[in-house]
Amino acid sequence: METKKKVAYFYNNEIGNYNYGKLHLMNPKRISMTHSLIVGYGVYKDLDVYTTREATKEEIMQFHDQDYVEYLSNYVSSSKIDFLKKNGCSIPLIDEDAKNDSDKKKQYGIDVQADCPGFDGLYTFSQLSTGGSIDAAHLIINNAADIAINWGGGLHHAKKGEAYGFCYVNDIVICILELLKVFPRVLYIDIDVHHGDGVEEAFYTTNRVMTVSFHEFGEDFFPGTGGLNSNGEGLGKNYAVNVPLRPGMDDESYVQLFKNVMNKVMEVYRPDVVVFQTGADSLANDKIGHFNLSIKGHGQCLTYMMGFNVPLVVLGGGGYTIQNVSRCWAFETGLLVKKSLNGPIPVDDPFFHLYEKQNVLHVPIQQVENKNSKEDLNKIQEEIFKQLKDVEA
Ligand code: V1S
Ligand code: CA
Ligand code: ZN
């Protein structure tokens, strides 16, 4: 008989209050919306619920450069400085020269007009995102959980000394570094519609981490990396796997390809632990991504990985149609504890007004063409199998 898995879940009420700016697509409220559904559908009863803490500077500096972390931790927006000045507040902690130094902002990737705006609390937001992923790793290490979830994590683009693609601190790299203190081999899987470039880059030259990213690729789609033949270097040669795809991927083709590739990866790599970034911008109707997955199809990837009975850290990531992100991650939390979420969105959900048009958990996909032909997908799979043969040898 299959034993029930111990599933831990990290959440902090504060995380949903951070704001990238009015026009920005990244909305941390989706984490609070996910939590409300987890509570409303009663899934929390099957979880060990932990309050996420803020990661420390030392923990963050395990991956990121000290000067970059100092800059983030001292960041205060110019509008807040103006407000403090107007109100006659003393601002001893603010080194205004540094704050207003546009060269530094450029160097560290912070730009109000762009992907990584400077917003008040960006460092605490990143500390919370990272704290959950580190403690998820610790629970796995201490055998206190078989599966540990942090929907506030999964910010896969952040670089050692630079914010990139809505990500300031790479909680995933830091989580994996914690796991590597104990486990010989870590497998990283990334089903966000974007290439998991920051994580791949951090472990590009080691065979102790295998990275596998499925992503949309081509026609200037961000970030532009993750071609089929980017496979790692030195000791890491063949330990980076990329699955570049065209728009329109549907459940049938995606889930089949995912299972085929991951089955082979598990056979040849035999990881001690899996870190799974489950970005929800690969769902149909996302505001950035152009895949056409249903929530059930996205969830089948997670269920498939559960079947290997290897400890699992499950992280969030992208997702820009926020009602679908919360639907997806609440449903997947249910999958992880083997509980189905029945009935419409609970009417007493504090975010109910956002679901009013379609107050159900599973929403329709689009009627769009899948630009990936069977032949294209077979070729991709063949190439990846060839690459993995060299890992086996
Ligand atoms: N695609 C896309 C896209 N859209 C935006 C954006 C939109 C509105 C804003 F107010 C600010 C930014 N940025 C992008 C992408 C970055 C996508 C990051 C995805 C993150 C993740 O889901 O993988 C993980 C959390 N950036 C670009 O395409 C770069 C630009 C080339 C275009 C947009 N401008 C703002 C910057 C340069
Ligand atoms: Ca991806
Ligand atoms: Zn993404």
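Please refer to the structure higher up on the page.
Remember, it's a predicted structure, so these values are computed and weren't measured experimentally.

Some remarks on the overall build of the protein
From N to C terminus, the protein includes 13 helices and eight strands. The C-alpha radius of gyration of the protein comes to 20 Å, within 12% of the 21 Å expected for a compact globule of 393 residues. Along the longest, intermediate and shortest principal axes, the C-alpha atoms of the protein span 65 × 55 × 45 Å. Each of the 393 residues in the protein was classed as buried or not, and the buried ones make up 58%. Counting every atom, the protein has about 16900 Å² of accessible surface; 49% of that belongs to carbon and sulfur. Here the protein holds 37 positive side-chain charges and 51 negative ones, and the gap between their average locations is 3 Å.

Thoughts on the coordination of the zinc ion (ligand 3)
At this site the zinc ion (ligand 3) is bound by Asp192 (OD), His194 (ND1) and Asp281 (OD), with donor distances of 1.9 to 2.0 Å. When the donor residues of the zinc ion (ligand 3) are listed from N- to C-terminus, their spacing reads D-x1-H-x86-D. Its relative accessible area of 7% is what places His194 among the buried residues.

Some thoughts on the coordination of the calcium ion (ligand 2)
Only Asp190 (O), Asp190 (OD), Asp192 (O), His194 (O), Ser213 (OG) and Phe214 (O) from the protein coordinate the calcium ion (ligand 2), and they sit 2.5 to 3.0 Å from it. If you look at the calcium ion (ligand 2), its six donor atoms make angles of 70 to 167 degrees with each other, and the shape they trace is irregular. Read in sequence order, the donor residues coordinating the calcium ion (ligand 2) give the pattern D-x1-D-x1-H-x18-S-F. Ser213 gets classed as buried once you look at its relative accessible area, which sits at 4%.

A word on the pairing of strand S6 (residues 240-245)
A large share of S6 lies buried, amounting to six of its six residues. By the alternation rule, side chains of S6 split into Ala240, Asn242 and Pro244 and Val241, Val243 and Leu245, which are all buried. Pairing geometry for strand S5 (residues 209-216) and S6, over six bridges, is parallel. For Val212, the partnering residue across the bridge sits in S6 and is Val241.

Let's talk about the packing of helix H1 (residues 29-40) against helix H12 (residues 322-336)
H12 packs onto H1 with a crossing angle of 45 degrees between their chain directions and a minimal axis gap of 8 Å. On the basis of the axis angle, H1 is oblique to H12. Seen along the crossing, H1 lies across H12 with a hand that is right-handed. Together, Lys29, Arg30, Ile31, Met33, Thr34, Leu37 and Ile38 of H1 and Ile322, Gln323, Val325, Ser326, Arg327, Trp329, Ala330 and Thr333 of H12 make up the contact between the two elements.

Rules of the game
Residues numbered from 1 in each chain as written. Chains lettered and ligands numbered in written order. Predicted model: local features only at pLDDT ≥ 70, side-chain atom pairs only at ≥ 80, totals over all residues. Heavy atoms only, no water. Helix = DSSP H or I, 4+ residues; strand = E, 2+ residues; numbered from the N terminus. Rg over C-alpha atoms; globule rule 2.2 N^0.38 Å. Buried < 20%, exposed > 50% of the residue type's maximum accessible area, 1.4 Å probe, protein only. Areas by Shrake-Rupley, 256 points an atom, 1.4 Å probe, with all protein chains shown as cover. Lys, Arg positive; Asp, Glu negative; His and termini not counted. Charge placed at Lys NZ, Arg CZ, Asp CG, Glu CD. Donors = N, O, S within 2.8 Å, 3.2 Å for Na, K, Ca; no water. Tetrahedral: all angles 85-135°; square planar, octahedral: opposite > 155°, others 65-115°. Pairing = 2+ DSSP bridges. Axes fitted to C-alpha atoms, helices over the stretch in contact; angles between N-to-C directions. Parallel < 35°, antiparallel > 145°, perpendicular 65-115°, else oblique. Left-handed = near helix turned anticlockwise from the far one by under 90°. Contact = heavy atoms within 4.5 Å.

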